[in-house]
2 protein chains.
Amino acid sequence: MEKQIIEIARSARKASRKTAILSTDKKNMALEEIRKSLQKNYKKIQDENLKDISEAEKRGLSSAMIDRLTLSDKVMDAMIAGIDEVILLDDPVGSIGPIKKRPNGLEVGRMNIPIGVIGMIYESRPNVTIDAAVLCLKAGNAVILRGGTEAFHSNQVLAMAISEGLEKAGLDKNCVQIIPFREREAVNFLLKQEGLIDLLIPRGGEGLIRFVTENSSVPVLKHYKGVCHVYIDKFADLSMGADIAFNSKVQRPGVCNAMETLLVHKDVSEKFLPLIGKMYKDAGVEIRGCVKTCKILKDAVHADPSDFGKEFLDLIAAVKVVDTFHEAVEHISLNNSGHTESIVTKDYSRARRFLREVDSSVVLVNASTRFNDGNQLGLGAEIGISTDKLHAYGPMGIEELTTRKFIVFGDGQIRS
Amino acid sequence: MEKQIIEIARSARKASRKTAILSTDKKNMALEEIRKSLQKNYKKIQDENLKDISEAEKRGLSSAMIDRLTLSDKVMDAMIAGIDEVILLDDPVGSIGPIKKRPNGLEVGRMNIPIGVIGMIYESRPNVTIDAAVLCLKAGNAVILRGGTEAFHSNQVLAMAISEGLEKAGLDKNCVQIIPFREREAVNFLLKQEGLIDLLIPRGGEGLIRFVTENSSVPVLKHYKGVCHVYIDKFADLSMGADIAFNSKVQRPGVCNAMETLLVHKDVSEKFLPLIGKMYKDAGVEIRGCVKTCKILKDAVHADPSDFGKEFLDLIAAVKVVDTFHEAVEHISLNNSGHTESIVTKDYSRARRFLREVDSSVVLVNASTRFNDGNQLGLGAEIGISTDKLHAYGPMGIEELTTRKFIVFGDGQIRS
């Protein structure tokens, strides 16, 4: 198995040199052919998907997991429509930033180039196979895909459909490859292909991500979890604050940009907490409050210290009353995960300070945490969200799948 | 030892939150105080340095290594003058890029922020202690330094001088710390401080860098080696080509941006090779040539296949005649190290193609490879050169010691 994985990585590396210099038109044509191929193989893909589903049912996987695994017509159509969106994205490759002239006459600029070979390691959702492949390809990269074992048949047939499209478009089909092994140890070999793979992006549970980080000699862009905070400041518009705290928690509680902890300034807590308390109650949100919160909201549960900093991914909110703006920022610094934090305030200087002092990939004033999303922030399709600070911090779009090299125009300069 | 290293990392993390929001004036004042402290402790630093030198002599280290270790007046003065250069650098922290308005009225921008805590692991030259500390600090980072064991006394006293300066300026002295252990295993503990350290930058031999990369759970920015190429095209100005090939090889052969392999188009090889051959011979450069090269240059040594792609760091050049432009680009792709490549040509379209098709951190037209250097390319002081594509590719200046977060201005937006 190791030999074959090295062979996949080698052929991907070779293919990456070709995809790096493809014209935008050619890349879009290839995406178009992939879309056609998915349409042509629509039924076949769903048939293979059914195999995964029936295996999952036999293994007794949860209905939530089976739901994520299922390529319904709706999911299929969204996946196919997603390709059109990527076709419309600006191609970042080859664009050159400002060119500066040095005292010796050298002109120095930076050109966007693809990263090279990207390895995606992901769980359950088979549509990631398509999303990742087309976005990486549009940015001029070759990609090696390793999906979840539970989606094995779906991923294999999707990869076959991609290959068909690539061949139709006259591209090297090795620019998108899928690992043909179901065994978990296949991942271990991928992690060691330094020099052949330039970047790994694991997407899935914290366990998977930790495993990849700890064992990879290839650079990893990762996203552990989202412990997002909303802070209702002393100078907040309380009705706006309630809407934002509600939306951040309730609109889709199972995702990483949902709020987990609500901080409320003491001067407004007596007014604000009953307001949001009622809204949460009606929506079935369990409140785990600090001592002060529980004094005001009689039906709140007493929070355990570990509830602050916890990613519930559920209709549960930790709520804490803070004495000062400073305490709110401190609490966030000690408990956040570099994901998303929002302040609700009408005060100019507190808004500015919050934006500067809070260290998270997305910091908002007077808006829901749910806006941390590539599409919502204007990046178009996203490949993931990075909570690490290297290369990308926050949502990663097509531009984050490129890097920059220096280009230098001379007329005979030598160094003295 | 592990406990103490964790304590260092923790206190650095804490300090990093303070340095992240310091004003530029305050940071410059601190650098000023560090400079004064180095001047005050000038003699003491050199005395400690003598201890390292005498130990190195006893251990029989090479004179080149002892040279790198020595804090002569010249090195001391350059080190101190380097601080003034960093004071003059623009502070990237807090600057905000274009702010775009989304259809729902949200305004989205990106703000430059420090990376956080940076670990520098380096060998021999003790002046890196100062260079790295002041550059990281100016970019708002806390830094943990781990110098070579052979420079132990020098590094400790330099760190003491930095601490004195930081305290004078009223900064948390934990923002620059040095590992107080000489044992190599101290490095192992540093590599595991994920969550406390954001980035490791190893500087030194390939062995050190491989060790760090393979064992670190913290992201690493690395630079393995420089296998740089100069390609003399069919349409080259041959006299310019000779100057560039000579300067790239001879001006400072022991450094990573020196040329290692010279490629010559067959149509000009009969004219060009005797020209550069004489210049190299006079400078004592050994030529290891391909078969065609050796036919033209009678005193060239026959190259072993492994000479192509080798980093000689010496007055040795591998020389190969290529049949086509394409062969030159192919040869570079298969043998380069992502460092620096230069083409000499008068042809517009070949210049453009070389810039686009060659994948290296710095690609030049008609200029010496020796210009791959932060200062020469206009970045000011550099912390190193990355041959990895993530986060930075090529020389890393102060801007590469920062990252960007998203900032979002709303007026009550929630997601529907």
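Small disclaimer: the values here were computed from a predicted structure and weren't measured.

## Remarks on the overall build of chain A
Helix and strand counts for chain A stand at 14 helices and 16 strands. A compact globule built from 416 residues would reach a C-alpha radius of gyration of about 22 Å, and chain A, at 24 Å, matches this within 12%. Each of the three principal axes of chain A carries a C-alpha extent, and together these read 70 × 65 × 35 Å. Counting every position in chain A, which comprises 416 residues, the buried fraction comes to 55%. In chain A, the share of contacts with a sequence separation of at least 24, taken over all contacts with a separation of at least 6, comes to 71%.

## Describing the environment of Gly338(B)
Residue and element names in this part refer to chain B. In this fold, glycine 338 is placed in the loop between helix H13 (325-335) and strand E12 (340-344). Spatially, the C-alpha atoms of glycine 338 and aspartate 323 are 23 Å apart, while their sequence positions differ by 15 residues. With sequence-adjacent residues up to four places away left out, glycine 338 is seen in contact with Ser360, Ser361 and Thr387.

## Topic: unusual backbone geometry
Backbone geometry follows two general trends: most residues other than glycine have a negative phi, and most peptide bonds adopt the trans configuration. Positive phi, normally seen in glycine, also occurs at His391(A), with a value near 70°. Mapped onto the fold, His391(A) is located in the loop between strand E14 (384-386) and strand E15 (394-396). One non-glycine residue, Leu313(B), adopts positive backbone phi at about 55°. If you trace the backbone, Leu313(B) turns up in the loop between strand E10 (301-302) and strand E11 (316-322). C-beta crowding within 10 Å serves as the criterion here: with 15 such atoms nearby, Leu313(B) is assigned to the partly exposed category.

## Regarding the relation of the copies chain B and chain A
Under the fitted operation, chain B is carried onto chain A by 0.0 Å of movement along the axis and a turn of 180°, and the coordinates agree to an RMSD of 0.0 Å. Both chain copies can therefore be described as sitting about a two-fold axis. Closest to the rotation axis within chain B is the C-alpha of His391(B), separated from it by 1.8 Å. When you check the interface residues of chain B against chain A, 100% turn up at the interface there too, and the contact is symmetric in its surfaces.

## A word on the interface of chain B and chain A
Listed as interface residues are 59 residues of chain B and, on the opposing side, 59 residues of chain A. Here the side of chain B that touches chain A is composed, by residue class, of 25 nonpolar, 18 polar and 16 charged. The sheet contact formed by strand E16 (residues 402-413) of chain A and strand E13 (residues 362-367) of chain B spans 5 bridges and is parallel. Within the sheet, the bridge partner assigned to Phe406(A) lies in E13(B) and is Val362(B).

## Section: the sheet that holds strand E11 (residues 316-322) of chain A
Taken together, 10 strands build an open sheet; the order of strands is E10(A)-E9(A)-E11(A)-E8(A)-E7(A)-E12(A)-E13(A)-E16(B)-E2(B)-E1(B) and the sheet is mixed. The strands lining the two open edges of the sheet, one partner per strand, are strand E10 (301-302) of chain A together with strand E1 (100-101) of chain B. Sitting on the sheet, helix H11 (residues 266-282) of chain A touches strand E7 (228-232), strand E8 (259-265), strand E9 (286-289) and E11 of chain A, and the angle it makes with E8(A) is about 145°. Contacts from helix H13 (residues 325-335) of chain A reach E7, E8, E11 and strand E12 (340-344) of chain A within the one sheet, and its direction differs from that of E11(A) by about 140°.

## As for the packing of helix H6 (residues 127-138) of chain A against helix H7 (residues 152-168) of chain A
Residue and element names in this part refer to chain A. Viewed as axis vectors pointing N to C, H6 and H7 meet at an angle of 30°, and their least axial separation amounts to 9 Å. Here H6 and H7 pass one another in a crossing that is right-handed. Residue-level contacts link Thr129, Ile130 and Ala133 of H6 to Asn155, Leu158, Ala159 and Ile162 of H7. Here the residues of the contact of H6 with H7 sort into 5 nonpolar, 2 polar and no charged.

## Remarks on the sheet that holds E10(B)
A sheet is described by the order of its strands in space; here 10 strands give the open sequence E1(A)-E2(A)-E16(A)-E13(B)-E12(B)-E7(B)-E8(B)-E11(B)-E9(B)-E10(B), paired in mixed fashion. In the strand order of this sheet, the two ends are held by strand E1 (100-101) of chain A together with E10 of chain B, each with one partner. Pairing of strand E8 (residues 259-265) of chain B with E11(B), which is carried by 5 bridges, proceeds in the parallel orientation. Counted as the bridge partner of Leu262(B) is Val319(B) from E11(B). The sheet strands contacting H13(B) are strand E7 (228-232), E8, E11 and E12 of chain B, and the helix crosses E11(B) at an angle near 140°.

## Focus: the domain arrangement of chain A
For chain A, the domain assignment lists domain 1 (2-222 + 392-409) and domain 2 (228-371). The C-alpha-based centres of domain 1 of chain A and domain 2 of chain A are spaced at 36 Å.

## Quick look at helix H1 (residues 2-19) of chain B
Compared with the 26 Å implied by 1.5 Å per residue over 18 residues, the 25 Å span of H1(B) between its first and last C-alpha is a close match. For H1(B), every residue scored as buried is listed here: Ile5(B), Ile8(B), Ala9(B), Ala12(B), Arg13(B), Ala15(B), Ser16(B), Arg17(B) and Thr19(B).

## Concerning the packing of helix H2 (residues 24-40) of chain A against H7(A)
Residues and elements named next belong to chain A. Running from N to C, H2 and H7 cross one another at 135°; their axes reach a closest spacing of 8 Å. Classified by the interaxial angle, the pair formed by H2 and H7 is oblique. By crossing handedness, the relation of H2 to H7 is classed as right-handed. Contacts between H2 and H7 involve Ala30, Glu33, Ile34, Lys36, Ser37 and Leu38 from the first element and Ala161, Ile162, Glu164, Gly165, Leu166 and Lys168 from the second. Among the residues forming the contact of H2 with H7, the class breakdown is 6 nonpolar, 2 polar and 4 charged.

About the thresholds
Residues numbered from 1 in each chain as written. Chains lettered and ligands numbered in written order. Predicted model: local features only at pLDDT ≥ 70, side-chain atom pairs only at ≥ 80, totals over all residues. Helix = DSSP H or I, 4+ residues; strand = E, 2+ residues; numbered from the N terminus. Rg over C-alpha atoms; globule rule 2.2 N^0.38 Å. Buried ≥ 20, exposed ≤ 12 C-beta atoms within 10 Å, placed from the backbone. Contact = placed C-beta atoms within 7 Å. Least-squares fit on C-alpha atoms with pLDDT ≥ 70 in both. Nonpolar A, V, L, I, M, F, W, Y, C, P; charged D, E, K, R; others polar. Pairing = 2+ DSSP bridges. Axes fitted to C-alpha atoms, helices over the stretch in contact; angles between N-to-C directions. Left-handed = near helix turned anticlockwise from the far one by under 90°. Domains from an automatic or database assignment. Expected span 1.5 Å × (residues − 1). Parallel < 35°, antiparallel > 145°, perpendicular 65-115°, else oblique.

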